[in-house]
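The primary structure of each chain is shown beneath.
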Amino acid sequence: MADATYQTYVYRDDDGNRLNVISGGKLNIESGSSVAIATDLEIASGGRVNLASGSSMTFASGSGLVLASGSSFSVATDLEVASGGTVQLASGSSMTFASGSGLALASGSSASVA
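About the thresholds
- Residues numbered from 1 in each chain as written.
- Predicted model: local features only at pLDDT ≥ 70, side-chain atom pairs only at ≥ 80, totals over all residues.
- Heavy atoms only, no water.
- Core = buried A, V, L, I, M, F, W, Y, C linked by side-chain atoms within 4.5 Å.
- Buried < 20%, exposed > 50% of the residue type's maximum accessible area, 1.4 Å probe, protein only.
- Helix = DSSP H or I, 4+ residues; strand = E, 2+ residues; numbered from the N terminus.
- Contact = heavy atoms within 4.5 Å.
- Patch = residues over 30% accessible without salt bridge, like charges linked within 9 Å, V, L, I, M, F, W, Y side chains within 5 Å.
- Areas by Shrake-Rupley, 256 points an atom, 1.4 Å probe, with all protein chains shown as cover.
- Salt bridge = Lys/Arg side-chain N within 4 Å of Asp/Glu carboxyl O.
- Pairing = 2+ DSSP bridges.
- Polar contact = N/O pair within 3.5 Å; in protein donor to acceptor, adjacent residues only side chain to side chain.

**Some words on the nonpolar core**
Grouped together as the largest cluster of nonpolar side chains are 15 residues, with contacts concentrated most on Met57, Leu65, Leu67, Phe73, Leu79 and Met95. Contributions of two or more residues to this core are made by strand E4 (48–51), strand E6 (64–67), strand E7 (72–75), strand E8 (79–81) and strand E9 (86–89). What Leu79 contacts, discounting residues up to four positions off in sequence, is Leu51, Met57, Phe59, Phe73, Met95, Phe97, Gly102, Leu103 and Ala104.

**Some details on a nonpolar patch on the surface**
Taken together, the side chains of Tyr9, Val10, Leu19, Val21, Leu27, Ile29 and Val35 make up a nonpolar region of the molecular surface, amounting to roughly 620 Å² of accessible area. Summarising the element assignment, Tyr9 is placed in the segment before strand E1 (10–12). Note on Tyr9: relative accessible area 47%, which makes it partly exposed.

**Thoughts on the sheet that holds strand E11 (residues 103–105)**
Strand order in this open sheet of 3 strands is E5-E8-E11, and the pairing throughout is parallel. Because the sheet does not close on itself, it has two edges, and the strands there are strand E5 (58–59) and E11. As judged from the 2 bridges shared by E5 and E8, these two strands associate in the parallel manner. Its bridge partner being in E8, Thr58 is matched across the sheet by Glu80.

**Digging into the side chain of Ser93**
The residue Ser93 is located in the loop between E9 and strand E10 (94–97) in this model. For Ser93, a relative accessible area of 14% translates into the label buried. A polar side-chain atom of Ser93 sits 2.6 Å from the main-chain carbonyl oxygen of Ala90. Not counting residues up to four positions away in its chain, the partners in contact with Ser93 are Leu67, Ala68, Ser69, Gly70 and Ser71.

**Re the environment of Asp15**
Note on placement: Asp15 falls in the loop between E1 and strand E2 (19–21). A relative accessible area of 55% places Asp15 in the exposed class. Through-space distance from the C-alpha of Asp15 to that of Leu65 is 25 Å; in sequence the pair is 50 residues apart. Polar contacts involving the side chain of Asp15 include one to the main-chain amide nitrogen of Asn17, which spans 3.0 Å.

**Re the environment of Leu89**
Position of Leu89 among the secondary structure elements: in strand E9. The buried category is assigned to Leu89, whose relative accessible area is 13%. For the pair Leu89 and Ile43, spaced 46 residues apart in the sequence, the C-alpha separation amounts to 10.0 Å. Non-local contacts of Leu89, meaning those with residues more than four positions away in its chain, are made with Leu67, Ser94, Met95, Ser112, Val113 and Ala114.

Quick look at the structure:
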């Protein structure tokens, strides 16, 4: 008989439309793989995203990155935001760039800090 108290940290909704990573869970994107963000990527309070050297994250037109208060985003490489994309940092959140890395905003994109 299965343990009724068992709960995974990463699971898919019953309808298959959403992947959930709950407290204590981790989403690991291995070297050579990629993630395409078609809409917004929201990082909740206390959440953290790290882009290691050699990795990349591209936000297509109309998509964006939203950091809630208490969240952080650490970048060791360039972060590119296409035209129409956005980066929003709430009060209390942080974005850190390693030496030699930067934020590239295409014409028509935006970045805001609350």
